[in-house]
Amino acid sequence: LSQLPGWSMRPDGSIVIATGNDDALGVYACTPYNSYGTAGESQPTRVLLKDPPAFTVRPKEEYFQEVGRELVIPCAAHGDPPPTISWTKVGSAGRSSAQVDGNSSLIFRPLIKEQHGVWECTATNQVASVSTATSVHVLGTSPHAVTNVSVLPLLLAANISWEPGFDGGYFQRFSVWYTPLVKHPPRAHHDWVSLSVPVGAQHLLVENLQPDMSYQFSVLAQNKLGSGPFSQIVTSVPRGFPVTTVPPEPPAMTVRVFLSPPQALTANETVRGVLLRWEPPAQFSVALSGYALELRQDKGGWEVLDRSIPSTKTQVLVPGLIKDAFYEFRLVAFAGSYISDPSNTVNVSTAGMEVYPSRTQLPELLPQPVLAGVIGGICFLSVAVIFSTMAACIMNRRRAVRVQKRRQ
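Residues numbered from 1 in each chain as written. Predicted model: local features only at pLDDT ≥ 70, side-chain atom pairs only at ≥ 80, totals over all residues. Heavy atoms only, no water.

Per an unreviewed UniProt entry, the protein carries the name TUTLA protein and comes from Cepphus grylle.

*Asks:* What exactly am I supposed to notice about the state of the cysteines here?
*Replies:* Such a bond, covalent and formed between the sulfur atoms of two cysteines, is termed a disulfide. Tallied over the full model, the rule gives one disulfide. A sulfur-sulfur distance of 2.0 Å marks the disulfide that ties cysteine 75 to cysteine 121. For the disulfide bridge between cysteine 75 and cysteine 121, the dihedral angle about the S-S bond is near -85°, and by the sign convention the bridge is left-handed. Of the two residues, cysteine 75 is situated in the loop between strand 7 (71-73) and strand 8 (76-80) and cysteine 121 in strand 12 (residues 117-124); the sequence distance between them amounts to 46 residues. In this structure cysteine 75 comes out as buried when scored by relative accessible area, which is 1%. For cysteine 121, a relative accessible area of 0% translates into the label buried. (Disulfide = S-S within 2.5 Å. Helix = DSSP H or I, 4+ residues; strand = E, 2+ residues; numbered from the N terminus. Buried < 20%, exposed > 50% of the residue type's maximum accessible area, 1.4 Å probe, protein only.)

*Asks:* How should I be thinking about the sheet that holds strand 23 (residues 273-279) in this particular structure?
*Replies:* By way of backbone hydrogen bonds, the strands of a sheet pair with one another, either parallel or antiparallel. Here three strands make up an open sheet; going across it, the order is 22-23-26 and the pairing antiparallel. This sheet does not close on itself; its edge strands, each paired only once, are strand 22 (263-270) and strand 26 (315-318). Each adjacent strand pair in this sheet contributes to an overall mean axis angle of 20°, direction not counted. (Pairing = 2+ DSSP bridges. Axes fitted to C-alpha atoms, helices over the stretch in contact; angles between N-to-C directions.)

*Asks:* Got a minute to help me understand the nonpolar core in this structure?
*Replies:* Soluble globular proteins tend to pack their nonpolar side chains together in the buried interior. Within the largest apolar cluster, 23 residues are counted, with the highest numbers of intra-cluster contacts made by Leu276, Leu293, Tyr327 and Phe329. Where this core is concerned, the elements lending two or more residues are strand 23, strand 24 (290-297), strand 25 (303-310), strand 26, strand 27 (326-335) and strand 29 (346-349). In terms of residues, this core owes the most to one element, strand 27, which gives five residues. For tyrosine 327, the contacting residues outside a window of four places in its chain are Leu295, Arg296, Gln297, Leu321, Ile322, Val346, Asn347, Val348 and Thr350. Val149, Ile160, Phe174 and Val206 belong to the second largest nonpolar core, which has 19 residues in total. (Core = buried A, V, L, I, M, F, W, Y, C linked by side-chain atoms within 4.5 Å. Contact = heavy atoms within 4.5 Å.)

As structure tokens, then:
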């Protein structure tokens, strides 16, 4: 066996021939033996090479023919020994009315609607069996039944979907039929409710159904020649409103936020103003958003001077303080909606300072009520002057007109 490629012997004494060719032809006998000898060889067996069926003529993938006419579909094969040809309709349990002629061709004479479908040609001999398939489309008939009807139950509704059958060669439309499933008395078919399906759609939403009641659904196809058969009936139960118990709300968790005040606030006098420096808070459990600077003058009330100092800054310059006044500054940090306690307070006195010759206070340092009153007074005076000027002009014009009339 070692001299024949692809030949081997199994432990049970069988010979395996990987590729059958002329080397395998012949008569074979098996001789078993052991240490005591042998009882003789087996009966001889002859190995013959045969060819499996192979198609010489295959049918086309599809055939279209009018109902009532003749249709011949060829199929032929060869092999050793010669194979036999048979035709079957896929999915059909009963015997078909089609005939097979002497050339193994499938003959429809005449072609009817029920012969629409997939047909299979099978060639069989002692070696193997091979098959090929073709689709027969019968034109000029009513539609075929839809398939794979499914119903998805929804809240007081159901979504019906399907796969269309062959349209018979004409444009087809669909309608969905449904009825409640009741035992006493049974509903006749004419009591079913039908809904038209939009053109081109393969699904329909049926609404306003009763909850927790069984419904039967079926789909009907129609074309210009009439209606096809109803699809299989599918039973489904629409969902009702769920009855649930609202679980109690979990207890609110208290999140403790650590935000200490800014540290080491100091004030230094410069030619441009007072420079305030500080250190960031020592502890904060959330990201800092920024700082706000507060001041008060001569022991008055605290006012916010700047509420938009970035969290990355650690110093700010305060210009334009009034000469011969006493100021106090402090700083607070904030992170989101959380505000820290005020920092330490620093005192600044401008008494006797030569670097602040002007006694004019910056507008942003004025209290908001005072600033609003100043602006309002200026606006009122401006409007009064404008109205007075306009009134004078009008009076002068009228006086000139009267003088001119007297002269005439």
